[in-house]
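Below, each chain spelled out in residue letters.
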Amino acid sequence: MSDPEKPPVDEGVEEIAADEEDAGPDDEMGAPQFTGDMAAQFLQNPEFLAAIQGRLGQMIGSPSGYIQSLPKVVKRRLKSLKKLQFEMLQIESKFYEEVHELECKYAAQYAPLSERRRDIVSGTLEPTDSDCDWPSDAEEDDELADELKQKAKIVELTPEGEEKTDDGEKEEENPSGIPGFWLTIFKNVDMLSDMVQEHDEAILQHLNDIKVKFTPMDSGPMGFTLEFHFEPNEFFNNSVLTKHYIMRSEPNREDLSSFEGPEIIKCTGCTIDWKKGKNVTIKQIKKKQKHKGRGTTRMVTKTVQNDSFFNFFNPPQVPEGDGEEEEGDEDTEALLAADFEIGHFIRERVVPRAVLYFTGEALEEDEFEDEGEEEGEAEEGEEDEDADPDYQPPADPSKPPECKQQ
């Protein structure tokens, strides 16, 4: 007699479900208990894992339904809380606007010090002994090395008994200013070194200062301008290259959680007046072009964009519109996001702490912070891995025990 028709079974778990030998003993209610071998078989089944991952993917970010299930009167009160939240964010926005005004105010006090830094770097000003009164471990090492060198030096005497001097001894170098100051900083900082190409380095050797100019609120939208000052060079005629950033510090009523303070929303570069044959942002390539009718080929020369730091001054334009994202514009958005991050980093970190990025001290601090975060994540992972699934945390004595319904 044939077996009655059975409902279809998921092929991904059919083999495991049919394997009754791996099934554990039933519990008191008659439900089968899964053993470790059965769990291992489930985890080795790719179709089962794919089904679980798909289910979890649908659950991530989806509402639990709790808010929708609340009574209307509670939802009404939540709307009042959101309105209060918006008013709080408006106050926070005013706070950031006043912070920006303070930045404008104190920028004037930083200016004389920044100008002295520029003059020392470029070599137009030689610092005095009092200017150089700063402890340095490297200086102590140099003095010790010179002292040991003098002790080990073999003194040769002339026939007259005088100390013989080596006319060919090389004099200590005395370059002007601090050569390659900003280029060294750019190459030290990972975010900037990725932008600097080999053909950019000769140009950046002529960079002698970077300034940050803040835009006062009464002069236009909140923003700032990065000014790159160059000495006369063989590559372009500009003495200053600029990059202007416009910021927004207003909460969005439609998305309250997105407000985290001022954000860059737009940037504009400048036109570089390249000298003939010196434009490193473009290159010429030769391509074969085939005639469809005659089948003949010819070589054509095409001008294309070349990787260069100086593309930084020709950013992609922010699409004008109602703020909705345009399809197919993901690459532009990614470029703009990276550009905004670089501009903010130069303003907040590189310009104010330039000498520390030149010596590498600021880099060590950045690496220390990153390693601390990674170690914290690793420790959390180890705790989760070693945790006992049967462990029950002790009850909090400050909380009353839960009441059981009779």
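What you see is a predicted model; the values in this text were computed from it and never measured.

A. Region of the structure containing a nonpolar patch on the surface. A cluster of nonpolar side chains, namely Tyr-66, Ile-67, Leu-78, Leu-81, Leu-84 and Met-88, defines an oily patch on the protein surface of about 600 Å² accessible area. On the secondary structure map, Ile-67 appears in the loop between helix 3 (46-59) and helix 4 (72-122).

B. Structural context of the pattern of salt bridges. Applying the stated rule across the entire model yields 10 salt bridges. For Asp-339, the salt bridge identified is with Lys-243, shortest N-O distance 2.8 Å. With Asp-339 in helix 9 (residues 330-350) and Lys-243 in strand 3 (residues 240-248), this pair connects stretches of sequence that are 96 residues apart. The burial state of Asp-339 is the same as that of Lys-243; both residues are buried. Across the salt bridge formed by Arg-347 and Glu-348, the nearest N and O atoms sit 3.2 Å from each other. Residue class for Glu-348 comes out partly exposed when judged on its relative accessible area of 30%. Taken together, the shared-partner salt bridges connect Glu-103, Arg-347 and Glu-348 into one network.

C. Inspection of helix 4 at higher detail. Taking 1.5 Å of rise per residue, the 51 residues of helix 4 would be expected to cover 75 Å, and the 69 Å separating its terminal C-alpha atoms lies within 8% of that figure. Of all bends in helix 4, the biggest is about 40°, found at Tyr-110, and the proline Pro-112 comes one to four residues later. Here helix 4 has its buried residues at Phe-86, Leu-89, Ser-93, His-100, Cys-104 and Val-121. In this fold, the buried residues of helix 4 make contact with helix 6 (181-188), strand 1 (207-215) and strand 2 (223-230). Once helix 4 finishes, Gly-123 follows within two positions and takes phi at roughly 95°, a positive value.

D. Examining the pairing of strand 6 (residues 297-305) more closely. Bridge count for strand 5 (residues 282-290) against strand 6 is nine bridges, and the pairing is antiparallel. Across the sheet, Ile-285 pairs through a bridge with Lys-302, a residue of strand 6. Taken together, strand 5 and the strand that follows it, strand 6, pair antiparallel across an intervening segment of six residues, in which Gly-295 is found at a positive phi of about 80°.

E. The sheet that holds strand 3, seen in detail. Spatially, the four strands line up as an open sheet ordered 1-2-3-4, and their pairing is antiparallel. Of all strands in the sheet, those with a lone pairing partner are strand 1 and strand 4 (263-268), marking the two edges. Across the sheet, the mean angle from the axis of one strand to that of its neighbour is 20°, orientation sign disregarded. Strand direction decides the pairing type here: strand 1 and strand 2, joined by eight bridges, are antiparallel. Bridged to Val-212 within strand 2 is Leu-226. Helix-sheet contacts for helix 6 involve strand 1 and strand 2, and the interaxial angle to strand 1 is about 70°.

F. Highlighting the packing of aromatic side chains. The full count for this structure, using the stated rule, is 20 aromatic pairs. Relative to Trp-182, the ring of Phe-181 lies with its centre 5.3 Å away and its plane at 90°, an arrangement referred to as edge-to-face. Take Phe-181: its relative accessible area is 4%, and that puts it in the buried class. Geometrically, the ring pair formed by Trp-274 and Phe-310 is edge-to-face, given 5.8 Å between the ring centres and 80° between the ring planes. Of this pair, Trp-274 sits in the loop between strand 4 and strand 5 while Phe-310 sits in the loop between strand 6 and helix 9, placing them 36 residues apart in sequence. Among the residues examined, Trp-274 registers a relative accessible area of 16% and is labelled buried. Using a relative accessible area of 2% as the deciding quantity, one classes Phe-310 as buried. Each member of the aromatic cluster is reached from another via a ring pair, and the members are Phe-186, Phe-228, Phe-230, Phe-236, Trp-274, Phe-309, Phe-310, Phe-312 and Phe-313. The positively charged end of Arg-253 is found above the aromatic ring belonging to Phe-86, 4.8 Å away from the centroid. Sitting over the ring of Phe-224, Arg-347 keeps its end group 4.9 Å from the ring centre.

About the cut-offs
- Residues numbered from 1 in each chain as written.
- Predicted model: local features only at pLDDT ≥ 70, side-chain atom pairs only at ≥ 80, totals over all residues.
- Heavy atoms only, no water.
- Patch = residues over 30% accessible without salt bridge, like charges linked within 9 Å, V, L, I, M, F, W, Y side chains within 5 Å.
- Areas by Shrake-Rupley, 256 points an atom, 1.4 Å probe, with all protein chains shown as cover.
- Salt bridge = Lys/Arg side-chain N within 4 Å of Asp/Glu carboxyl O.
- Helix = DSSP H or I, 4+ residues; strand = E, 2+ residues; numbered from the N terminus.
- Buried < 20%, exposed > 50% of the residue type's maximum accessible area, 1.4 Å probe, protein only.
- Expected span 1.5 Å × (residues − 1).
- Bend = angle between axes of the 7 residues up to and from the residue.
- Contact = heavy atoms within 4.5 Å.
- Pairing = 2+ DSSP bridges.
- Axes fitted to C-alpha atoms, helices over the stretch in contact; angles between N-to-C directions.
- Phe/Tyr/Trp six-rings, centres within 6.5 Å; stacked < 30°, edge-to-face > 60°.
- Lys NZ or Arg CZ within 6 Å of the ring centre and 35° of its normal.

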